[in-house]
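Tertiary structure, described
One letter stands for each residue in the lines below.
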Amino acid sequence: TKIGTYAFGGNRCAGTINLENTSLTSISQYSFDAGTTSKSTNSVVKLPGTLKNIYSRAFYGMKIQDIVWPNSLTQIDSNAFSYNSFTNLTIPANVTYIGGSAFSNNNIENLVLTNINTSYGTEVFASNNFTTLDLETLQLKKVAPGMFKNNQITDLNIGSKITEIGLDAFYGNRLKEIVIPVNVISIDNNAFKQLASYPWENVVIEYNETVLETRFFSKWTRIGWPIILAPSFEYPEVLLTSGSSHDFEFKEYDTIAKASESGYYKLEVWGAAGANAG
């Protein structure tokens, strides 16, 4: 029912690995791990209809170009298919978890994701050959940290589904311009950081009356955009009057408080110790 750890590790494989006629339910970590200096070539893998789990580095470095996925599969662990040769990849609908770097260092150009509830580790599709990417066509609600890091993306459509873009999500690509739609409410540090040889030319932030540029303004350069491309922004102002009070909620940008008349004003400050507290 399973192939054990290191069962075929370090072997050279050419052609097809056919497991279709087995009753495997899991493939253990390192089962076919060939390492980063693999001499395997043009491998095709056929998996059985009973398989549920593929564990860490199970097919690492096998230079696999194609795979027959079973509908039974639910889990693909970290680095399971790193350093292979996929150019086209379709993830089956019943897969609910894909671990970190599971498909990193391949040749993927075209990707189909079929389950919007799948959760992803870091750098799942890092270091591939994406040049264009349309997130509107993918079943994603958020872009996981490092998900498309170190690709060659020049054309990116975020679309209407994405709400969060994680740390290093598109780090090291080749974008010149981007439109951030109103549905995106969070972008983490270095999400769009690129090499100096691929400078940004235009960043457009879409907004409406309730979702403003304040989403990203306070950490514009940390996201990876030059400050010269930041949208015009005026800090909100609060007018303080005698006999009244105002609560300032935490925000990632400043608020200007203006006194309407001379006099004494009482300021009370509460807050957490902060991330750098001992």
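Figured I'd write up the structure that's included with this text. (Residues numbered from 1 in each chain as written. Predicted model: local features only at pLDDT ≥ 70, side-chain atom pairs only at ≥ 80, totals over all residues. Heavy atoms only, no water.)

Here we take up the overall build of the protein. Scanning the protein from terminus to terminus reveals one helix and 20 strands. Taken over 278 residues, the protein has a buried fraction of 41%. The contacts in the protein between residues at least 6 apart in sequence include a share of 34% that link residues at least 24 apart. Taken as a whole, the protein presents about 15,000 Å² of accessible surface, with 47% of it coming from carbon and sulfur. (Helix = DSSP H or I, 4+ residues; strand = E, 2+ residues; numbered from the N terminus. Buried < 20%, exposed > 50% of the residue type's maximum accessible area, 1.4 Å probe, protein only. Contact = heavy atoms within 4.5 Å. Areas by Shrake-Rupley, 256 points an atom, 1.4 Å probe, with all protein chains shown as cover.)

Here we come to the nonpolar core. Counting residues in hydrophobic clusters, the biggest one holds 64 residues, and the most contacted among them are Phe103, Phe125, Phe148 and Phe192. Looking at this core, the elements with two or more residues in it are β6 (64-68), β8 (88-91), β10 (110-113), β16 (177-180), β18 (202-205) and α1 (220-223). Ignoring anything within four residues of it in the chain, the contact list for Phe103 reads Trp69, Ile76, Phe81, Phe86, Leu89, Ile91, Ile98, Ile108, Val124, Phe125, Ala126 and Asn128. (Core = buried A, V, L, I, M, F, W, Y, C linked by side-chain atoms within 4.5 Å.)

On to the environment of Ile223, then. Here Ile223 lies in helix α1. Judged by relative accessible area, which is 0%, Ile223 ranks as buried. Sequence separation between Ile223 and Ile187 is 36 residues; the distance between their C-alpha atoms is 7.0 Å. Ignoring any residue separated from it by four or fewer positions in sequence, one finds Ile223 in contact with Ile187, Asp188, Asn190, Ala191, Phe192, Lys193 and Phe216.

Spatially, the three strands line up as an open sheet ordered β13-β15-β17, and their pairing is parallel. The outermost strands of the open sheet, each flanked by one partner alone, are β13 (142-143) and β17 (186-187). Of the pairings in the sheet, the one linking β13 to strand β15 (residues 164-165) comprises two bridges and is parallel in character. Directly across from Lys142, in β15, lies its bridge partner Glu164. (Pairing = 2+ DSSP bridges.)

The next point concerns the pattern of salt bridges. All chains considered together, the criterion is met by four salt bridges. Between Arg57 and Asp33 there is a salt bridge, with the nearest N and O atoms lying 2.8 Å from each other. Pair noted here: Arg57 is in the loop between β5 (53-54) and β6 and Asp33 is in the loop between β3 (26-27) and β4 (41-46), with a separation of 24 residues, a long-range link. We classify Arg57 as partly exposed; its relative accessible area is 25%. Taking relative accessible area as the criterion, Asp33 reaches 8% and is therefore assigned buried. For Lys266, the salt bridge identified is with Glu268, shortest N-O distance 3.3 Å. Here Glu268 falls in the partly exposed class, since its relative accessible area comes to 48%. (Salt bridge = Lys/Arg side-chain N within 4 Å of Asp/Glu carboxyl O.)

What follows covers a negative patch on the surface. Residues Asp134, Glu136, Asp155, Glu177 and Glu201 make up a contiguous surface patch of negative charge. Structurally, the position occupied by Glu136 is in the loop between β12 (132-134) and β13. Given a relative accessible area of 30%, Glu136 falls into the partly exposed group. (Patch = residues over 30% accessible without salt bridge, like charges linked within 9 Å, V, L, I, M, F, W, Y side chains within 5 Å. Lys, Arg positive; Asp, Glu negative; His and termini not counted. Charge placed at Lys NZ, Arg CZ, Asp CG, Glu CD.)

Moving on: the environment of Gly224. Mapped onto the fold, Gly224 is located in the loop between α1 and β19 (237-240). On the basis of relative accessible area, Gly224 is assigned to the buried category, the value being 11%.

On β10, burial follows the alternation: Leu111 and Leu113 on one face are buried, whereas Asn110 and Val112 on the facing-out side are not. As judged from the four bridges shared by β8 and β10, these two strands associate in the parallel manner. When the sheet's bridge partners are listed, Thr90 is paired in β10 with Val112.

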